[in-house]
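What follows is the residue order along each chain.
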Amino acid sequence: MRTLSVINDPVFTPQEYDSMDKALLGLIRDERDLPFLYLILKITSIMMTLGVALYFVEGWLFWVLSLAYFVVNNFVFKGPFGLMLHCTSHRKFFVKKYEFMNKFLPWVMGPFFGQTPETYYSHHIHMHHAKNNLPDDLSTTMTYQRDSLKEWLRYWGNFMTRGLVDLAVLFHHENRPKLVRKILVGEGAFIAMCIVLSLINFKATLMVFMVPFLISRIIMMLGNWTQHAFIDASDPGNPYKNSITCINVKYNHKCWNDGYHISHHQKPAMHWTKHPEFFQKTLHEYAENKAVVFDGIDFLQVFVKLMRRDYDSLAENMLNIDNTFSSKEEAIALLKERTQKIEVPTGNLAFA
């Protein structure tokens, strides 16, 4: 097990801005989000340009550019874009004068990553955070054995086959027609776009939009599963006991401190640069709740270790805050206990 020494995850540091920075800062609400604009410029000029080019080339050049697009989409930009979309869903990005630009990420850039317009925002903000992984949360992990690959495949399959339909029905039952429209229009627009573009060039549409769609929905459900893999059945609505945190990982530098999932559920609107500071100020809360915090491994590594049921390795990377655990064996026992399937009466589920 590990003891806390230093935290090297990113925080905001005031800096001198050049003329380009100053021009861009005039577009956004918060100077701390300036890196998002530079990321948008990179994605637009590199990845989206490659994607469009695939509709105009054939033969060996098509497959070379397809490989390049696949790499930059999934291994360079997918994580940073997805978590930029996450941050800007919680906090509006552009200033009021350029309010229309807040649609650029979900409607123009998002489809290249397989993100259907409006559905991420509706699902994550108005459903997941509101329901907090409890039984009414359509993406709850409570009712699954969370160290089982078979159970994760069932979880992912349920989301792929009925997730957005269930979400629309849920919002309809809650009398929230605006959210129903957002889901139907966003999902419908993406499907219609893929159909039309497939008639023009199926191979390009497959590579540019369809494959990223499949990969994105795998990654999103893998992420949510891991973030909520360890749940205290006696207090499942407590973010300290239904979420995890990963500190001191490259992932936090690349994906805007997304590893701080406990504090994100505690304070969803907190700026991404504030999480390391908030974590250090509230360590006693983590200790009191026996929160699961990993040091040096990210969500993907936690998922792999969990699927292998490698609890020894998980415990080795677990942060023992204020000596909460007297031994590694005690920590392993807690981890195993918190991955057990939690039986919930059918009537308490949003959809049985």
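Presented here is a report on the structure given in the accompanying data block. Quantities reported herein were computed from a predicted structural model and do not represent experimental measurements.

**Points about the packing of helix H7 (residues 177-200) against helix H8 (residues 202-227)**
One way to put it is that H7 packs onto H8 with a least axis distance of 7 Å and a crossing angle of 150°. Considered as vectors, H7 and H8 are oriented roughly antiparallel to each other. Touching Glu187, Phe190, Met193, Cys194, Leu197, Ser198 and Ile200 of H7 are Phe202, Thr205, Phe209, Met210, Phe213 and Arg217, all from H8. The class makeup of the residues in the contact of H7 with H8 is nine nonpolar, two polar and two charged.

**Some remarks on the packing of aromatic side chains**
Geometry of an aromatic ring pair is reported as the spacing of the ring centres plus the angle between the planes. In the structure shown here, the tally under the stated rule is 20 aromatic pairs. On the numbers, 5.0 Å between centres and 50° between planes, the contact of Phe112 with Phe209 is tilted. You can see Phe112 sitting in the loop between helix H4 (104-109) and helix H5 (119-131) and its partner Phe209 sitting in helix H8, a full 97 residues away along the chain. The exposure class assigned to Phe112 is buried, which follows from its relative accessible area of 11%. By relative accessible area, which is 5% here, Phe209 ends up buried. Where Tyr240 meets Tyr286, the ring centres are 5.0 Å apart and the plane angle is 85°; that geometry is what we call edge-to-face.

**Some thoughts on the environment of Pro239**
Along the chain, the position of Pro239 falls in helix H9 (residues 239-242). C-alpha of Pro239 to C-alpha of Gln266: the two residues are 27 residues apart in sequence and 6.3 Å apart in space. The residues contacting Pro239, other than those within four sequence positions of it, are Ile262, His265 and Gln266.

**Examining the side chain of Asp9**
Relative to the elements of secondary structure, Asp9 occurs in the segment before helix H1 (19-25). Despite its burial, Asp9 remains without a salt bridge, the nearest opposite charge being carried by Arg2 at 11 Å. Separated by 2.9 Å, the side chain of Asp9 and the backbone nitrogen of Asn248 make a polar contact. A distance of 3.5 Å separates the side chain of Asp9 from the backbone nitrogen of Val249, its partner in a polar contact. Residues in contact with Asp9, not counting those within four places in the same chain, are Ile247, Asn248, Val249, Asn252, His253, Asn257, Tyr260 and Pro276.

**Comments concerning the state of the cysteines**
Across all of its chains, the model carries zero disulfides by this definition. Cysteine Cys255 shares no disulfide, and the gap to the nearest cysteine sulfur, in Cys87, comes to 9.6 Å. Cys255 gets classed as buried once you look at its relative accessible area, which sits at 2%.

**As for the pattern of salt bridges**
Here the structure, examined in full by the defined rule, presents 21 salt bridges. The salt bridge partner of Lys182 is Glu118, with a shortest N-O separation of 3.4 Å. Of this pair, Lys182 sits in helix H7 while Glu118 sits in the loop between H4 and H5, and the two are 64 residues apart along the sequence. A single burial state applies to Lys182 and to Glu118, both of which are buried.

**Some thoughts on the side chain of Glu151**
Tracing the chain through its elements places Glu151 in helix H6 (residues 149-173). Filtering out sequence-adjacent residues up to four positions away, Glu151 remains in contact with Thr143, Tyr144, Gln145, Trp225 and Lys341.

**Here's the deal with the nonpolar core**
Membership of the largest hydrophobic core comes to 43 residues, with the highest contact counts inside it found for Ile43, Met47 and Met109. For this core, the secondary-structure elements that each account for two or more residues are helix H2 (34-53), helix H3 (59-90), H4, H7 and H8. When residues in this core are grouped by element, the largest group, ten residues, is from H3. Here Ile43 is in contact with Met48, Phe77, Phe81, Met109 and Phe113, once residues within four sequence places are set aside.

**Remarks on a nonpolar patch on the surface**
On the surface, a nonpolar cluster with roughly 370 Å² of combined accessible area is contributed by Leu67, Val71, Phe75 and Val76. Phe75 sits in the exposed class, given a relative accessible area of 55%.

**Some details on the packing of H2 against H3**
Running from N to C, H2 and H3 cross one another at 145°; their axes reach a closest spacing of 10 Å. When you trace H2 past H3, the crossing you get is left-handed. Here Phe36, Leu39, Ile40, Lys42, Ile43, Ile46, Met47, Leu50, Gly51 and Ala53 of H2 come into contact with H3, specifically with Leu65, Ala68, Tyr69, Val72, Asn73, Phe77, Pro80, Phe81, Met84, Cys87 and Thr88. Along the lines of polarity and charge, the residues of the contact of H2 with H3 split into 17 nonpolar, three polar and one charged.

Analysis parameters
Residues numbered from 1 in each chain as written. Predicted model: local features only at pLDDT ≥ 70, side-chain atom pairs only at ≥ 80, totals over all residues. Heavy atoms only, no water. Axes fitted to C-alpha atoms, helices over the stretch in contact; angles between N-to-C directions. Helix = DSSP H or I, 4+ residues; strand = E, 2+ residues; numbered from the N terminus. Parallel < 35°, antiparallel > 145°, perpendicular 65-115°, else oblique. Contact = heavy atoms within 4.5 Å. Nonpolar A, V, L, I, M, F, W, Y, C, P; charged D, E, K, R; others polar. Phe/Tyr/Trp six-rings, centres within 6.5 Å; stacked < 30°, edge-to-face > 60°. Buried < 20%, exposed > 50% of the residue type's maximum accessible area, 1.4 Å probe, protein only. Lys, Arg positive; Asp, Glu negative; His and termini not counted. Salt bridge = Lys/Arg side-chain N within 4 Å of Asp/Glu carboxyl O. Polar contact = N/O pair within 3.5 Å; in protein donor to acceptor, adjacent residues only side chain to side chain. Disulfide = S-S within 2.5 Å. Core = buried A, V, L, I, M, F, W, Y, C linked by side-chain atoms within 4.5 Å. Patch = residues over 30% accessible without salt bridge, like charges linked within 9 Å, V, L, I, M, F, W, Y side chains within 5 Å. Areas by Shrake-Rupley, 256 points an atom, 1.4 Å probe, with all protein chains shown as cover. Left-handed = near helix turned anticlockwise from the far one by under 90°.

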